[in-house]
Structure formats: C-alpha cells, structure tokens
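Notes for the structure review
Listed below, chain by chain, are the residues.
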Amino acid sequence: MMKNYLNQIIQGDCLTLFQNIPDNSVDITFADPPFNLKKKYNSTKDSLALQEYLNWCELWIGEMVRVTKPTGSIFLHNIPKWLTYYSAFLNKIAHFKHWISWDAPTSPMGKSLQPAHYGILFYAKDPAQTKFYEIRYPHKRCRKCNYLHKDYGGKKAGLHPFGPLMSDVWTDIHRIKHNKYRDEHPCQLPIHLLERIILMSTDENDIVLDPFSGTGTTAIAAKRLGRKYIGFELDDEYVRISESKLLQEEADSKIDNIWVSFYLDEITTVRNIDWAQLSQYYDIPEPIEDIDFTEIAPSNGKPNGYAPNRDKILGKLPLFS
Ligand SMILES: C[S@@+](CC[C@H](N)C(=O)[O-])C[C@H]1O[C@@H](n2cnc3c(N)ncnc32)[C@H](O)[C@@H]1O
C-alpha cells in the first residue's frame, strides 16, 4: 500500500491512512495540525473540548513517531500552548532536539503579551542516528545603507560570505500576507519554511510525510527539492488544489546539482556542506571584512560545466545576465 501513497496527496482521515504506513518507513514527518482555535476549514470542526483535542493529538503524534525511520526526525508546528502538551507526550517516545521559534506575529489575544512566534518542535527518533545538515541563511542588511544589521565587532574577518549558520530562532521567513499568494485555506504555510526543514533533515529521494497536508505546502517543497512526499488531507477541495499545484512543480530548486531554497529571486537556505561548490557562482568581496557593506555578487562568468537547461533555475538568480 505504501508504494501507492508515494508522491500522492491522499484524501481521508490521517489516523485511518496512517494504518497503511509501515513502522520506520519515512524519513521525516512534519505536521501542522488544526490549532483548535475555531478556524474555518472546509471539513473539520476546529473546536474540540480540551481533553478531546489532546487525546486526538496523542494518537496522530504516536503514529508520526512510529512511521519515522531511526535516522529520521519528527517536526510539529503549532502555537506554544499546544506545543507544551505535545512535548510532554513526545518526551516519552522520541528525543528532543530543538524548539524552533518562528518569528511570525499573530493576532492580539487581549489581556496577554502579543503572541509573536509559532513553535516548531524538532524531535529525533534515535538521536545516535539522526540525519542533520547545518544550514545557512543570508546576512541581514540595512535596506537603506546595505550594512550588516549585526555588529560582529573585530570578528568580521571570520564572516561567512553567504551568511550565518541557522539558530533555533527563525526571523527571516514571513507568513503569507498577500491574498494573491494564498489558496482558499485559512493557514497555509510558506513553501520556503518547509524547504528549510527538508534541506536540514533529508537527502534527495528521501520520503517526507505530512498528515495534515492542507493545500500541499510540504509536498510542493519536497517535490521542488527532489524528495518524495506523502500527504494526508481530509478535505476534497484542499486535495484538488494541492494536486493541481503539484502538477506545475518540478524538482528544480537547485543551482547546478546543489539543492537550495529560494524565495522569489533570493536563495534563503543553503546547506553548509554545499557552500564550497556553490561559492564558485559568486564573486566574493576581498578582503572578506568588506562583506560588512558589500553583498556577494553573482559571478559574471559562466561556471565550468554550465548547461543551458539550467537557465530556468539560474534565471531565478540574476546570474550570468
Ligand atoms: C493547519 S492546516 C494545514 C495547512 C498546511 N500546512 C498548508 O500549508 O496548507 C490543517 C489541515 O488539516 C486538515 N485536517 C483536519 N483534520 C484532519 C484529519 N483528521 N486527517 C487529515 N487532515 C485533517 C484540515 O482540513 C486542514 O487542511
């Protein structure tokens, strides 16, 4: 049955569909479940009693851990309130790696601090075997003067040309604000958020499973990055939207043979181990301290091995113009 599920968004209840997925068979699981905040989904009631919601969450979280390979990771996205319950449960059946704080302002709740982040729990199935790649994001710069936001003091000679290693606080990815980029779905995630998670925790051809696929964000990210995907989604219409979007996608989010994540025409995430190869496509300021006010620039010369069929992707960067 599992074979029939590969690279598909399957309509149905995730708890039923999980029964067809063998133990230790997918590389990562990512879930962005209903938040029980009375959101208007097409087919789900998003307002269960507290204990009913938590009991249900324990069932699918248990399934996520069961199907994840020993080398794999489990990711759970939600508001901090629910993540505290999820953690208490996950600590019994998997191994805590990180609570990623994704800086993304939400609506004021009244009589409380303004919620300004979502959490992404990152658990390992077996910490001795977990696949993990360090990732980098571009340096943050002042829009007007182009100087680096962060003052590295006397340490600028040690700056990485592309940007810093990613910490567990993610401030550079924004929620989808404009309706023209959204589907008819109340809480669609940005594709490059999922691409970052996938680049950090999987290899090409690995399997990524999302039990609450929505309009297919995780599947699209996986497909763009040359990974396989399995999505479960209760709602017919969201499945239809996902399938039609997936038809437009190709496994082409790369420069040469290096998988990277783009947002519009910017690379937003690279793997640290890939930089040596990727750097040949850039002119890097010398001395390196000049990174403080000069961005790395796409190289004018065409790199060795340049092939015309890469134009589509390379066209996303202002390379070789
Ligand atoms: C928070 S949304 C996920 C959004 C998704 N990350 C995206 O970017 O499009 C949760 C989704 O879970 C679906 N859902 C709710 N209960 C489900 C269940 N029992 N099995 C499968 N999907 C379910 C809802 O229809 C909704 O689309």
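Residues numbered from 1 in each chain as written. Predicted model: local features only at pLDDT ≥ 70, side-chain atom pairs only at ≥ 80, totals over all residues.

**Brief notes about the overall build of the chain**
The secondary structure content of the chain amounts to nine helices and 15 strands. Residues counted as buried form 36% of the 321 residues belonging to the chain. For the chain, restricting intrachain contacts to residue pairs at least 6 apart in sequence, the fraction spanning at least 24 positions comes to 68%. (Helix = DSSP H or I, 4+ residues; strand = E, 2+ residues; numbered from the N terminus. Buried ≥ 20, exposed ≤ 12 C-beta atoms within 10 Å, placed from the backbone. Contact = placed C-beta atoms within 7 Å.)

**Describing the sheet that holds strand β4 (residues 95-103)**
Read from one edge of the open sheet, eight strands run β1-β9-β8-β2-β3-β5-β4-β7, paired in mixed fashion. The two strands at the open ends of the sheet, each matched to only one other strand, are β1 (8-11) and β7 (169-170). Note: strand β8 (residues 207-210) against strand β9 (residues 228-233), four bridges, orientation parallel. Across the sheet, the residue bridging to Val-208 is Tyr-229, located in β9. This element, helix α5 (residues 191-201), spans β2 (26-31), β3 (68-78) and β8 of the sheet and lies at about 150° to β2. Contacts between helix α7 (residues 236-248) and the sheet are confined to β1 and β9, with β1 contributing the most and set at about 170° to the helix. (Pairing = 2+ DSSP bridges. Axes fitted to C-alpha atoms, helices over the stretch in contact; angles between N-to-C directions.)

**Some details on the environment of Leu-193**
If you trace the backbone, Leu-193 turns up in helix α5. By the C-beta count within 10 Å, which is 29 here, Leu-193 ends up buried. Sequence separation between Leu-193 and Ile-173 is 20 residues, and the spatial gap between their C-alpha atoms is 6.7 Å.

**Thoughts on α7**
Compared with the 18 Å implied by 1.5 Å per residue over 13 residues, the 19 Å span of α7 between its first and last C-alpha is a close match. What α7 keeps buried is the set Tyr-238, Val-239, Ile-241 and Ser-242. For α7, the arc enclosing every buried residue in end-on projection is 160°, short of the 170-degree limit, so these residues lie on one face. Turned more than 90 degrees from where α7 packs its buried face, Asp-236, Ser-244, Leu-247 and Gln-248 sit exposed. (Expected span 1.5 Å × (residues − 1). Arc of directions from axis to C-beta.)

**Here we look at the confidence of the model for the chain**
Of the residues in the chain, 87% reach a pLDDT of 70 or more, and the chain-wide mean stands at 88. With pLDDT under 50 throughout, residues 302-321 is counted as low confidence; its partners more than four residues away or in other chains account for 19 contacts. (pLDDT = per-residue confidence, 0-100.)

**A short note on the pairing of strand β5 (residues 117-124)**
Buried residues dominate β5, accounting for seven of its eight residues. Of the strand pairs in this sheet, β3 and β5 are connected by six bridges, and their pairing is antiparallel. Paired with Asn-78 across the two strands is Gly-119, which belongs to β5. As paired elements, β4 and β5 share eight bridges and run antiparallel to each other. Residue pairing for β5: Asp-103 is matched across the bridge by His-117.

**So, the site of the ligand**
Close contacts around the ligand come from 22 residues, with Cys-14, Asp-32, Phe-212, Gly-214 and Thr-217 the closest. Per-class residue counts for the shell around the ligand are eleven nonpolar, seven polar and four charged. (Near = placed C-beta within 6 Å. Nonpolar A, V, L, I, M, F, W, Y, C, P; charged D, E, K, R; others polar.)

**Structural notes on the pairing of β2**
The buried count for β2 comes to six of six residues, which makes it a mostly enclosed element. Pairing of β2 with β3 involves five bridges; the strand directions are parallel. Bridged to Ile-28 within β3 is Ser-73. Alignment of β2 against β8, held across two bridges, turns out to be parallel. Along β8, the bridge assignment pairs Thr-29 with Leu-209.

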